[in-house]
Amino acid sequence: VQQAYEFGGGRFTLDLSGVSDVEGLDGRDVTIDGVGGVVEVVVPDGVDVDVHTQVVGGDSRVFDQRSNGFDITQDGFVDGGDDVPDMSITIDLVGGEILVREAA
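Residues numbered from 1 in each chain as written. Predicted model: local features only at pLDDT ≥ 70, side-chain atom pairs only at ≥ 80, totals over all residues. Heavy atoms only, no water.

### Concerning the sheet that holds strand β2 (residues 29-43)
What counts, and what does not: At least two DSSP bridges between two strands are needed for those strands to be called paired. Where helices and strands are cited, they refer to DSSP runs of H or I of at least four residues and of E of at least two residues respectively, numbered from the N terminus. To obtain an axis, a line is fitted to C-alpha atoms, over the contacting stretch when the element is a helix, and the angle between two such axes runs from 0 to 180 degrees between their N-to-C directions.
Taken together, the five strands give an open sheet; going across it, the order is β1-β2-β5-β3-β4, and neighbouring strands pair in mixed fashion. Unpaired on one side and paired on the other, β1 (4-15) and β4 (65-78) mark the two borders of the sheet. On average, each strand axis in the sheet is inclined to that of its neighbour by 10 degrees, with strand direction left out of account. Bridging between strand β3 (residues 48-62) and β4 involves 13 bridges; their strand directions are antiparallel. What sits directly across from S60, in β4, is S67.

### Comments concerning the pattern of salt bridges
Oppositely charged side chains can pair when the atoms bearing their charge come close. What counts is decided by this rule: The rule for a salt bridge is simple: a side-chain nitrogen of Lys or Arg has to be within 4 Å of a carboxyl oxygen of Asp or Glu. Burial classification: accessible surface area is computed with a 1.4 Å probe over protein chains only, and a residue below 20% of its type maximum counts as buried, one above 50% as exposed, and the rest as partly exposed.
According to the stated counting rule, one finds five salt bridges in the structure shown. A salt bridge links R66 to D59, with the shortest nitrogen-to-oxygen separation between them at 2.9 Å. Exposure remark for R66: the relative accessible area of 57% places this residue in the exposed category. Classification of D59 as buried rests on a relative accessible area of 9%. For R61, the salt bridge identified is with E97, shortest N-O distance 2.0 Å. Separated by 36 residues along the polypeptide, R61 in strand β3 and E97 in strand β5 (residues 86-102) bring together distant segments of the chain. Residue classification places E97 among the partly exposed positions, given a relative accessible area of 24%. Shared partners join several salt bridges into a network, and the residues in it are D59, R61, R66 and E97.

### Let's talk about the side chain of S88
Counted only if it meets this: Here a polar contact is recorded for every N or O atom pair within 3.5 Å, except that within protein the pair must consist of a potential hydrogen donor and a potential acceptor, and residues adjacent in sequence are included only if both atoms are side-chain atoms.
Looking at where S88 falls in the secondary structure, it is placed in strand β5. Residue S88 is classed as buried on the basis of its relative accessible area of 17%. Within polar-contact distance, the side chain of S88 engages the side chain of D29 at 2.4 Å.

Quick look at the structure:
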């Protein structure tokens, strides 16, 4: 898992559900910056995850919350349990859709 991801457009997916050593995510701050398109992030089980998203124009769905329009900021948190690793994810997108969800 990288610390930062950048993309120009299209679809970007960061699926963390397959990370075998979730302890390695403890204290990580992951940032994703994109120009346009769809950003999807799947967070792993057993990790506390703090999410902050910002979209200039579009839609942001973080866990069970949704906002759309212009200059959207959406925050969310998932509690992975007691004494689990803690990480944060920040997503900035100019235009498009952000989807952050828990692993199925």
